[in-house]
Amino acid sequence: MMSHIRRTLSLLRGCSGVSRCQTSNQPARTSSTSSSGLVMASDSSKIGLVLQSQSTDVYQNLALEDWIDANIDLEQRSILLLWRNRPAVVIGRHQNPWTECNLSAMRTAGIPLARRRSGGGTVFHDLGNLNLTFFTSKKAYDRQRNLKVITEALRRLRPGLDVQATDRFDILLNGHFKISGSASRLSRKSSYHHCTLLHSADRSALAAVLCHSCPGIYSNATPSVPSPVANLVDHAPTLQWEELLDALVHQYNAEFSFNAASTLVNPADDSAFPGLGRAAAELRGWDWTFGKTPKFSVQTLLDLTDDRLSARSSAQLRMEVKNGVIESCELDVPVDWLPQRLSAELSGVLAGERFCRHRAAAAVVELLRSESGELQNRLHNLCDAVVSVMG
């Protein structure tokens with residue numbers, strides 16, 4: 001493994017010994033690479049590199065960002081990473097997924113959830129959305145300059161487009177529609193700034209999944225700020241992917257005085273990116289995606305029904321959740337609906353479990369089996385109501 005690390009890092013440190021370095025004044029067309037060679041170029045004082053991920057897996061691409069940040073000396077070079085994902089919802093490091101997205105709709109549609117390591121708000125990714133990540137030293141960190149790369153590239157492509165970067169580091173089309181949002185991560189010496197760019201995303205899917213799952217959540221987690229969105233193709237129907245990518249690479253080189261060609265990389269290639277697979281697996285895990293949610297409480301009213309007797313009632317649910325685990329659970333259920341011992345037993349069963357509908361449903365199975373008849377029916381209804389709160 002160490003030999004792979006040395007080989008990959010040496011290729012990213014400079015052009016020495018790499019036969020495919022570009023020296024022309026214009027960026028070359030995208031070329032392919034593996035662990036045996038990466039295309040890069042530099043002028044006399046700066047080194048720039050443009051990478052385009054071949055993966056459309058959200059976890060691999062997020063892990064690739066972290067790999068570059070952790071393994072490359074960004075005080076000596078700057079990198080632009082271009083990447084797209086199959087449909088996915090990505091939340092910020094300090095966000096609560098139960099308030100940010102519709103987990104039930106995502107499960108139905110087979111859309112995964114990912115938590116990135118940067119802050120910021122929740123975004124929907126699909127193959128109609130381009131992600132750009134600007135890597136540089138902490139000293140050279142400049143989000144407005146990065147956004148200028150995008151706005152200038154769009155103006156050069158379609159002079160009629162009215163695109164402007166905002167003080168919130170978004171990009172608006174026609175002063176109203178959001179086509180790009182930003183987030184960033186700063187380390188001791190390095191930084192990266194990533195942003196979306198809506199080319200032809202599925203806006204109906206975006207609207208369906210970016211709404212809360214769980215009512216009655218109280219939290220200090222970072223909330224997203226809803227904005228009206230638009231696709232570039234809504235206002236520039238002939239804008240093709242290849243010309244957009246070429247324009248962005250050209251403008252990146254022009255803005256930062258680089259001379260870098262775009263290079264295809266495969267984050268699934270562990271010989272090129274040692275350890276990236278393990279990092280992607282960590283990002284897929286429940287402990288990171290849900291367990292890193294800031295502490296929150298739930299206070300909500302549950303509707304109860306007994307279809308056999310056409311009876312209705314309600315119950316109060318209160319929970320404290322830390323690291324995605326239910327620390328405490330209190331159920332205030334009318335005693336004429338369910339004996340207090342059963343609501344207390346249900347609270348006790350849920351305490352210590354993950355705030356997860358599947359784990360909660362599994363946890364109450366034995367309790368449900370212990371009852372029969374009308375009590376079992378009403379207990380089952382109460383359990384369903386509690387579990388539904390968890391998205």
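The structure contained in this document is the topic of the report that follows.

What counts as what
Residues numbered from 1 in each chain as written. Predicted model: local features only at pLDDT ≥ 70, side-chain atom pairs only at ≥ 80, totals over all residues. Heavy atoms only, no water. Helix = DSSP H or I, 4+ residues; strand = E, 2+ residues; numbered from the N terminus. Buried < 20%, exposed > 50% of the residue type's maximum accessible area, 1.4 Å probe, protein only. Contact = heavy atoms within 4.5 Å. Areas by Shrake-Rupley, 256 points an atom, 1.4 Å probe, with all protein chains shown as cover. Salt bridge = Lys/Arg side-chain N within 4 Å of Asp/Glu carboxyl O. Pairing = 2+ DSSP bridges. Axes fitted to C-alpha atoms, helices over the stretch in contact; angles between N-to-C directions. Core = buried A, V, L, I, M, F, W, Y, C linked by side-chain atoms within 4.5 Å. Polar contact = N/O pair within 3.5 Å; in protein donor to acceptor, adjacent residues only side chain to side chain.

Looking only at helices and strands, one finds 14 helices and 18 strands in the protein. In the protein, buried positions account for 51% of the 391 residues. Within the protein, contacts between residues at least 6 apart in sequence are counted, and of these 74% link residues at least 24 apart. As presented, the protein carries roughly 17400 Å² of accessible surface, and 48% of it is formed by carbon and sulfur atoms.

Two side chains of opposite charge can pair, provided their charged atoms sit close to one another. Tallying each qualifying case throughout the model produces 19 salt bridges. When the shortest N-O distance is used, the salt bridge between Arg 145 and Glu 255 registers 2.7 Å. Separated by 110 residues along the polypeptide, Arg 145 in helix α5 (residues 143–157) and Glu 255 in helix α8 (residues 241–256) bring together distant segments of the chain. Look at Glu 255 and you get buried, because its relative accessible area is 14%. The partner of Glu 330 in a salt bridge is Arg 318, with the nearest N and O atoms 3.4 Å apart. Placement of Glu 330 in strand β18 (residues 325–332) and of Arg 318 in strand β17 (residues 311–322) is noted, with a sequence separation of 12 residues between them. Connected via shared salt-bridge partners are Asp 57, Arg 86 and Arg 284.

What follows is about the environment of Ala 114. Looking at the element boundaries, Ala 114 is found in strand β6 (residues 113–115). Judged by its relative accessible area of 1%, Ala 114 falls in the buried class. Measuring from C-alpha to C-alpha, the distance between Ala 114 and Pro 97 comes to 9.3 Å, with 17 residues separating the pair along the chain. If we ignore the near neighbours within four places in the chain, the residues touching Ala 114 are Val 58, Tyr 59, Leu 62, Val 89, Val 90 and Ile 91.

This part takes up the sheet that holds β6. Backbone hydrogen bonds hold the strands of a sheet together, and the pairing may be parallel or antiparallel. Here three strands make up an open sheet; going across it, the order is β6-β5-β7 and the pairing mixed. If you trace the sheet from one side to the other, it starts and ends with β6 and β7 (123–125), each paired once. When the angles between neighbouring strand axes are averaged without regard to direction, this sheet yields 30°. Here three bridges tie strand β5 (residues 88–91) to β6, and the two strands are oriented parallel to one another. Counterpart to Val 90 in the pairing with β6 is Ala 114. Against the sheet, helix α2 (residues 58–71) contacts β5 and β6, and its axis sits at roughly 10° relative to β6.

So, about the environment of Ala 221. Tracing the sequence through the fold places Ala 221 in the loop between β14 (217–219) and α7 (232–235). Here the alpha-carbon distance between Ala 221 and Arg 93, two residues 128 residues apart in the chain, equals 9.4 Å. The residues contacting Ala 221, other than those within four sequence positions of it, are His 94, Gln 95, Asn 96 and Pro 294.

Attention shifts here to unusual backbone geometry. At Phe 169, a residue that is not glycine, the phi angle is positive and equals roughly 65°. Residue placement: Phe 169 occurs in the loop between β9 (163–165) and β10 (171–173).

Spatially, four strands are ordered β14-β16-β17-β18 in an open sheet, and the strand pairing comes out antiparallel. Every other strand in the sheet has two partners, leaving β14 and β18 as the edge strands with one partner each. Put simply, the sheet's adjacent strands are angled 15° from each other on average, direction ignored. As paired elements, β14 and strand β16 (residues 296–306) share three bridges and run antiparallel to each other.

Another point: the nonpolar core. Among the nonpolar cores identified, the biggest contains 47 residues, and Leu 302, Met 319, Leu 346, Leu 350, Phe 355, Leu 382 and Val 386 are the most heavily contacted of them. For this core, the element with the highest residue contribution is helix α14 (residues 373–388), accounting for six residues. Once residues lying within four places of it in the same chain are set aside, the contact partners of Leu 346 are Leu 331, Val 364, Leu 367, Leu 382, Cys 383 and Val 386.

Another aspect to go through is the pairing of strand β15 (residues 262–265). Going residue by residue along β15, you find Ser 262 and Leu 264 tucked away on one face and Thr 263 and Val 265 tucked away on the opposite face as well. With four bridges joining them, strand β3 (residues 47–53) and β15 adopt parallel strand pairing. Residue Val 50 lies in a different strand from β15, and its bridge partner there is Ser 262.

Time to look at the side chain of Ser 182. Its place among the elements puts Ser 182 in strand β12 (residues 182–186). You can call Ser 182 buried: its relative accessible area is 18%. Within the structure, Ser 182 has its side chain in polar contact with the backbone oxygen of Phe 169 (distance 2.7 Å). Among the polar contacts made by the side chain of Ser 182, one reaches the side chain of His 193 at a distance of 3.0 Å. What Ser 182 contacts, discounting residues up to four positions off in sequence, is Arg 143, Leu 147, Phe 169, Asp 170, His 193, His 194 and Cys 195.

Structural measurements only, silent on function.
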